[in-house]
Amino acid sequence: SRHECGGQGSQVALTTIGSSNWGERSCVRDLESQVVVVTSNARLRAGLGMECTRIFAHGQAAGPERFKSADLQAIPLWLRLVARLGRSFL
């Protein structure tokens, strides 16, 4: 399915700037910054809308069936255990 950035005919008016890493370490141990930008500037809104469209043009939706696929289920048990033990250091 195709993603609409902001819906039909609208332009993006809000974006975040900062790390996209929301892992355990990033949220608990590291000092990172996030900034939320809200604008009514028509030119900036149009630019954000075009950027959003370009980003989503190269992606695809990942529904529940994707996470049940054989290639994700093939992760060895030992690796899942090590990742769980070391998640706060990753």
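Here the structure is a predicted model, which means the values were calculated and not measured.

Draft legend 1. Representation of the overall build of the protein chain within the structure. Within the protein chain one finds 4 helices and 2 strands. Overall, the protein chain shows an N-to-C arrangement of helices and strands of β-α-β-α-α-α. When each of the 90 residues of the protein chain is scored for burial, the buried share is 12%. Partitioning the intrachain contacts of the protein chain with sequence separation of at least 6 by distance along the chain shows that 49% fall at a separation of at least 24. Element-wise, carbon and sulfur atoms account for 59% of the exposed surface of the protein chain, whose accessible area totals about 7,700 Å².

Draft legend 2. Seen up close, the environment of Leu48. Summarising the element assignment, Leu48 is placed in helix α2 (residues 42-57). Since its relative accessible area comes to 18%, Leu48 is described here as buried. Separated by 36 residues in sequence, Leu48 and Val12 place their C-alpha atoms 5.7 Å apart.

Draft legend 3. Representation of the layout of surface pockets in the model. In this structure, the second largest pocket occupies an estimated 160 Å³ of space. In this structure, the second largest pocket is lined by Val12, Leu14, Thr15, Leu48, Glu51, Cys52, Ile55 and Phe56. Going through the elements one at a time, β1 (14-18) and α2 are the ones with two or more residues in the lining of the second largest pocket. Take the lining of the second largest pocket: its biggest share by element is 5 residues, from α2.

Draft legend 4. Spotlight on a nonpolar patch on the surface. A contiguous nonpolar surface patch, about 390 Å² in accessible area, is contributed by Ile75, Trp78, Leu79 and Val82. For Val82, the position within the fold is in helix α4 (residues 77-85).

Conventions we followed
- Residues numbered from 1 in each chain as written.
- Predicted model: local features only at pLDDT ≥ 70, side-chain atom pairs only at ≥ 80, totals over all residues.
- Heavy atoms only, no water.
- Helix = DSSP H or I, 4+ residues; strand = E, 2+ residues; numbered from the N terminus.
- Buried < 20%, exposed > 50% of the residue type's maximum accessible area, 1.4 Å probe, protein only.
- Contact = heavy atoms within 4.5 Å.
- Areas by Shrake-Rupley, 256 points an atom, 1.4 Å probe, with all protein chains shown as cover.
- 1 Å grid on protein atoms, 1.4 Å probe; cavity = no way out; pocket = protein on both sides within 12 Å on 5 of 7 lines; lining within 4 Å.
- Points joined across faces, edges and corners; volume = space filled by probe spheres on them.
- Patch = residues over 30% accessible without salt bridge, like charges linked within 9 Å, V, L, I, M, F, W, Y side chains within 5 Å.
- Salt bridge = Lys/Arg side-chain N within 4 Å of Asp/Glu carboxyl O.

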